[in-house]
Amino acid sequence: MIMNIVQALNSALDVMLANNSEVLVFGEDVGYFGGVFRVTDKLQKKYGHHRCFDTPISEGGIIATGIGMAAEGLRPVMEIQFADYILPAYDQLVSEAARLRYRSNGDFQAPITVRAPYGGGIFGGQTHSQSPEAIFAHVTGLKTVIPSNPYDAKGLLIASIECDDPIIFLEPKRLYNGPFEGYHDRPLKPWAGETDSNVPEGYYSIPLGKAKVKRAGSEATVLAYGTMVHVALAGILESGVDAELIDLRSIVPLDVDTIEESVKKTGRCLIVHEASKFSGFGAELSALVTERCFYYLSAPTIRLAGWDVPYPHAFEWDYFPSPKRVAKSLKKLLEN
Amino acid sequence: MLYFTAIRYKMPESDSDKGKHQRFFIPEPNARPGDTPDFSQLPISPVGSVARPQTSASPETLRDLPFKLIRTLNEDGIPEGEWQPEITIAVVRKIYEYMRLTRIFDTKMFRVQRQGKTSFFLASRGEEALGVVPSIALRANDMCFPTYRQVGWLLARGYPLVKLINQIFNNSDDPLKGKQLPVLYSARDFGFYSLSGNVGTRFGHAVGWAMAKAYRNSDDIAIGFIGDGTTAEGSFHEALTFASVYKAPVILGITNNQWAISTFTGLATNKDTTFASKALSYGIPGLRVDGNDALAVYSVLEWAADRARHGHGATLIEFFTYRSGAHSTSDDPERYRPKEEALLWPLGDPIERLRQHLLTSKAWSEEKDGQLHKMLDKQITESLKEAERIGVLGESKPDVREMFEGVFKEQDWRAVEQLKELGL
Ligand SMILES: Cc1ncc(C[n+]2csc(CCOP(=O)(O)OP(=O)(O)O)c2C)c(N)n1
Ligand SMILES: [Mg+2]
């Protein structure tokens, strides 16, 4: 069935609510209303308000409560309305969810799934546009999953809910209703007709930590996730460079084998993310590539990222990495 | 040690989970779309029935106040009871004028967003008194830590309309230089603290600002606001702890407009209590006031400000009101609450009620009222035109270099290099 990302996520939750009475779905405005992005639409009606419900506006409270439920044995799936608003819960995620199993030596664990729309391109300004993946990737004990299309979104969300580790599931909100290559002045595209928009209605899962080669190529490797997968692909096509594009799908666990294999083959690597560059996840990727592929590299790895500024409303398209910048970076990568 | 446990599937549930989780309580509002709104259980005191204590009264003598509702204007627009403010008709007219200006501004700008001239807008319909009255009741040097629904504060202090719209358009004359979402203003010279999209986080700043004033031995005070829904955040409770521990000269206001996007107040607090009563556990006074009664709002603010200025510490005030419009331009309230709920709100419309009050005095007439409306409408139409001439969102914007300004006081090498990458 053709689905957009919102529908695919809704379908994943639907399947899991149906299969497992220990799965609970909650967050701000997710119950009756079905979420501000409609990801939990109709789930309360279908499964009752004990399975899918609204919470107080308290991100710290949402995550703390979820950890308690998960420690008891339930499988809470929590929505944080925007990834930007996860910060009041950061202590719960870092000091509690990430370490509960380790510090109790397996006595307790916190199999929570925290869903949050992230990323820019929607004129959301400073607090509806950020990409906070790096601050989670840095925390050992948390897994961070970022799909880029409807098929992956559903399969990865199901795998996340089934996973016994705490998961930060970041949803590229700019891709919810259609793919976006960064051409903001072109008409909106729907998911229908795109590869990966054909989504099975029933259960399936995609293992966490397996990257996907979106495009095979020989001259350079491009690493991306979420919205930037689409921007990177457009940039590759603009550049004319025969680049291999890898959609990481989850940054923790990271499919380092696929990255290594590709970079050793191409000898060049470009990393693209929306978040600010300095200490962004690209820094980790770049270090790994250098450590593992140093003698295969023909050029220094390039990181293309958001500028080191807060997300600036009026300058959305000056900030948001564009296909043009991807193409320019690829050409630079090939200069050496 | 078994670290990896395969998930154990339980029996699938049927469509309804009725009866299976009786012990698990989930609150629900009493009306959703299609239901008839029922406000009969609202804790509303009769007009003029609440006694007004001395502003120096000790908190333990005030413990009944958070469960009452302070009201002054009766059904005919005539003030009653001890909480009638000492206020001149000129000040009442000023309040009325700016409340109307706020409504016209909101209505027009909402439409402007719908026309695609900006990305986002948020109105204060039904809550105009909560921006305008504090702005007028407090002093020029007092600082307000507002919610996003209090543009009336700025309007009542004469903030230029064109400048406000320039911010909404993020155009080349935007006072915030394109860095912030529309309506998240900042205007220090007008006593208006910088807004941000994340709710609640500035409530504690109001306390800190007030403590700074106390440290300087000034009698300036601060006023902070938070939405009903946002009282669930830790920042609300943290601010109250600090305010009460340090007897900070601050007024902490809750704008209880009954809704937090689609979420009713029963999810922010237990239905059997009031927001104002949270003050009790912190040992500070808690007042509950009809937020649609501008005179009552003025009066409680004077009371709390007097306490704060005279060293009696913080007051928590719940402004009991109703968000009669959508949460924002991204919202459609008909999806989660009865359409007619706003019209049935038992405490009426704040502007209409003040208008009625004004009309009982000789100073006001239907004719003057009509002229006022025309004048305000014209003011806004002209300001809008002027701002549109500068440019709506996307047509005109500040210099891109602005994107890197203000991250640090002085730019480091990153900004320098990144500007170069942008070709600047
Ligand atoms: C920390 C944080 N969490 C969630 C949100 C999303 N959000 C924006 S407004 C809002 C509702 C706030 O309701 P309330 O506090 O009652 O204020 P009102 O809008 O009714 O004035 C929510 C949940 C946010 N902006 N910040
Ligand atoms: Mg509210």
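Residues numbered from 1 in each chain as written. Chains lettered and ligands numbered in written order. Predicted model: local features only at pLDDT ≥ 70, side-chain atom pairs only at ≥ 80, totals over all residues. Heavy atoms only, no water.

## Describing the overall build of chain B
Filter applied, for reference: Helix and strand labels come from DSSP, where a helix needs a run of H or I of at least four residues and a strand needs a run of E of at least two; each type is numbered from the N terminus. When we talk radius of gyration, it's over C-alpha atoms, and the globule rule is simply 2.2 Å times the number of residues to the 0.38. To sort residues, take the accessible area from a 1.4 Å probe on protein chains only and compare it with the maximum for the residue type: under 20% means buried, over 50% means exposed, and anything in between is partly exposed. In what follows, a contact means two residues having at least one pair of non-hydrogen atoms within 4.5 Å. Calculation of accessible area relied on Shrake-Rupley with a 1.4 Å probe; when residues are assessed, cover is drawn exclusively from the protein chains displayed. Charged-residue counts in this description rest on Lys and Arg as positive and Asp and Glu as negative, His and the chain ends being excluded. Charge positions are represented by NZ for Lys, CZ for Arg, CG for Asp and CD for Glu.
A tally of regular secondary structure across chain B gives 12 helices and 7 strands. Computed over the C-alpha atoms, the radius of gyration of chain B is 23 Å, within 12% of the 22 Å expected from 2.2 N^0.38 for a compact globule of 424 residues. Here chain B holds 424 residues, and the buried ones make up 56% of them. Put simply, of all contacts in chain B between residues at least 6 apart along the chain, 74% involve residues at least 24 apart. When the accessible surface of chain B is totalled, it reaches about 19,000 Å², and 51% of it is carbon and sulfur. Put simply, chain B has 52 plus and 54 minus side-chain charges, and the middle of one group is 2 Å from the middle of the other.

## Digging into the coordination of the magnesium ion (ligand 2)
All names here are of chain B. The line we're drawing: Note: metal donors comprise N, O and S atoms at 2.8 Å or less from the metal (3.2 Å for Na, K and Ca); water molecules are not included, so apparent gaps in a site are possible.
Binding of the magnesium ion (ligand 2) to the protein goes through Asp 228 (OD), Asn 257 (OD1) and Trp 259 (O), at separations of 2.1 to 2.2 Å. For the magnesium ion (ligand 2), the single-chain donor residues occur in sequence as D-x28-N-x1-W. Separated by 31 residues along the polypeptide, Asp 228 in the loop between β2 (222–227) and α6 (234–245) and Trp 259 in strand β4 (residues 259–260) bring together distant segments of the chain. The pair Asp 228 / Trp 259 is uniform in exposure class, with both members buried.

## What to know about the interface of chain B and chain A
Short version of the rule: Note on definitions: buried area is the accessible-area loss of two parts on being combined, 1.4 Å probe, summed for both. Any carboxyl oxygen of Asp or Glu that lies within 4 Å of a side-chain nitrogen of Lys or Arg is treated as forming a salt bridge with it. Pairs of N or O atoms within 3.5 Å make up the polar contacts considered here, provided that, within protein, one atom can donate a hydrogen while the other can accept it, and that residues adjacent in sequence are counted only when both atoms are side-chain atoms.
Tallying the contact residues gives 58 residues for chain B and 58 residues for chain A. A combined buried area of about 5,000 Å² lies between chain B and chain A, and 57% of that area is made up of carbon and sulfur atoms. Counting across the chain B and chain A interface gives 1 salt bridge. Ionic pairing is found between Lys 397 of chain B and Asp 318 of chain A, a salt bridge with its closest N-O pair at 2.5 Å. Here chain B and chain A share 15 residue pairs in polar contact (both at pLDDT 80 or more) between them. Tallying contributions element by element places helix α12 (residues 413–421) of chain B first for the side of chain B that touches chain A, with 4 residues.

## Details of the nonpolar core
Our working definition: In these notes, a set of buried Ala, Val, Leu, Ile, Met, Phe, Trp, Tyr and Cys residues joined through side-chain atoms within 4.5 Å is what counts as a nonpolar core.
Of all hydrophobic cores here, the largest spans 79 residues; its most connected members are Phe 105 and Tyr 185 of chain B. Residues in contact with Tyr 185 of chain B, not counting those within four places in the same chain, are Phe 105, Phe 121, Val 151, Leu 154, Leu 164, Gln 167, Ile 168, Leu 176, Phe 192, Tyr 193, Ser 194 and Leu 195 of chain B. Counting residues in hydrophobic clusters, the runner-up holds 67 residues, among them Ile 5, Ala 153, Ala 224 and Leu 245 of chain A.

## A look at the sheet that holds strand β6 (residues 167–172) of chain A
All names here are of chain A. Basically, it comes down to this: Strand pairing follows a simple DSSP-based rule, namely that at least 2 bridges must link the two strands. Between N-to-C directions, angles cover 0 to 180 degrees, with each direction set by a line fitted to C-alpha atoms, over the stretch in contact for helices.
Spatially, the 7 strands line up as an open sheet ordered β2-β1-β3-β4-β6-β5-β10, and their pairing is mixed. Strands with a single pairing partner mark the edges of an open sheet, and in this sheet they are β2 (52–54) and β10 (250–252). Looking at each pair of strands side by side, their axes are set apart by 20° on average, direction ignored. Sheet topology places strand β5 (residues 143–145) next to β10; 2 bridges connect them, and they run antiparallel.

## What to know about the domain arrangement of chain A
Residues and elements named next belong to chain A. Operational definition: For the domain bounds, the source is a domain assignment made automatically or taken from a database.
Domain annotation for chain A reports domain 1 (5–197) and domain 2 (212–335). Facing the 35 residues of domain 1 at the interface are 29 residues of domain 2. Of the roughly 2,700 Å² buried between domain 1 and domain 2 on both sides combined, carbon and sulfur atoms contribute 59%. At the surface where domain 1 touches domain 2, the tally comes to 16 residue pairs in polar contact (both at pLDDT 80 or more).

## Structural notes on a nonpolar patch on the surface
Threshold: Like-charged residues within 9 Å of one another, or nonpolar side chains (Val, Leu, Ile, Met, Phe, Trp, Tyr) within 5 Å, are grouped into patches, provided each residue has over 30% relative accessible area and no salt bridge.
Side chains of Phe 294, Tyr 295 and Tyr 296 of chain A sit close together on the surface and give an oily, nonpolar patch of about 440 Å² of accessible area. Mapped onto the fold, Tyr 295 of chain A is located in the loop between α10 (281–293) and β12 (302–306).

## Examining the pattern of salt bridges
All names here are of chain A. Applying the stated criterion to the full structure yields 39 salt bridges over all chains. Here Lys 42 makes a salt bridge to Asp 41, at a shortest N to O gap of 3.4 Å. Assessed through its relative accessible area of 59%, Lys 42 is described here as exposed. Judged by relative accessible area, which is 24%, Asp 41 ranks as partly exposed. A cluster of three or more residues bridged by salt bridges with shared partners is formed by Asp 152, Asp 196, Lys 212, Lys 214 and Arg 249.

## Things to note about the site of ligand 1
Rules: What makes a residue near a molecule or strand is one non-hydrogen atom of that residue sitting within 4 Å of it. Asp, Glu, Lys and Arg are counted as charged, while Ala, Val, Leu, Ile, Met, Phe, Trp, Tyr, Cys and Pro are counted as nonpolar; the rest, among them Gly, fall into the polar class.
Near ligand 1, the surroundings consist of 20 residues, among which Glu 59 of chain A together with Tyr 148, Arg 149, Gly 197 and Thr 230 of chain B are the closest. Two or more chains meet at ligand 1, and those chains are chains A and B. Backbone polar atom of Gly 197 of chain B to a nitrogen atom of ligand 1: 2.7 Å apart, as the coordinates give it. Here a nitrogen atom of ligand 1 sits 3.0 Å away from a polar atom, N or O, in the main chain of Val 199 of chain B. In the complex, 97% of the free accessible area of ligand 1, which totals 580 Å², lies under the protein chains. Along the lines of polarity and charge, the residues of the shell around ligand 1 split into 7 nonpolar, 8 polar and 5 charged.

## Overview of the sheet that holds strand β7 (residues 315–320) of chain B
All names here are of chain B. As summarised here, the arrangement of the 5 strands in space is β1-β2-β3-β7-β6, forming an open sheet in which the pairing is parallel. Across the chains shown, the open sheet's two edge strands, defined by having one partner strand only, are β1 (143–145) and β6 (286–290). The mean inter-strand angle of the sheet, taken between neighbouring strand axes irrespective of direction, is 20°. Contacting β2, β3 (250–256), β6 and β7, helix α8 (residues 294–309) runs over the sheet at an angle of about 170° to β7.

## Topic: the packing of aromatic side chains
Threshold: Centres within 6.5 Å make a pair out of two Phe, Tyr or Trp rings, where for Trp the six-membered ring is used; the pair is then stacked when the planes are under 30 degrees apart, edge-to-face when over 60, and tilted otherwise. Each ring is checked for a lysine NZ or an arginine CZ that lies within 6 Å of its centre and within 35 degrees of its normal; such an atom marks a charge sitting over the ring.
Counting across every chain of the model gives 33 aromatic pairs over all chains. Taking the centre distance of 5.8 Å and the plane angle of 70° together, the rings of Phe 145 of chain B and Trp 209 of chain B count as edge-to-face. Of the two residues, Phe 145 of chain B is situated in strand β1 and Trp 209 of chain B in helix α5 (residues 203–215); the sequence distance between them amounts to 64 residues. Since its relative accessible area comes to 1%, Phe 145 of chain B is described here as buried. Taking 5.9 Å as the distance between ring centres and 40° as the angle between the ring planes, the aromatic pair formed by Phe 225 of chain B and Phe 319 of chain B counts as tilted. Residue Phe 225 of chain B is located in strand β2, and its partner Phe 319 of chain B is located in strand β7; the two are separated by 94 residues in the primary sequence. Residue classification places Phe 319 of chain B among the buried residues on the basis of a relative accessible area of 1%. Looking at Arg 325 of chain A, its charged tip hangs above the ring of Trp 307 of chain A, at a distance of 3.9 Å from the centre. Above the plane of the ring of Trp 83 of chain B lies Arg 52 of chain B, whose end atom (NZ or CZ) is 5.5 Å from the centre.

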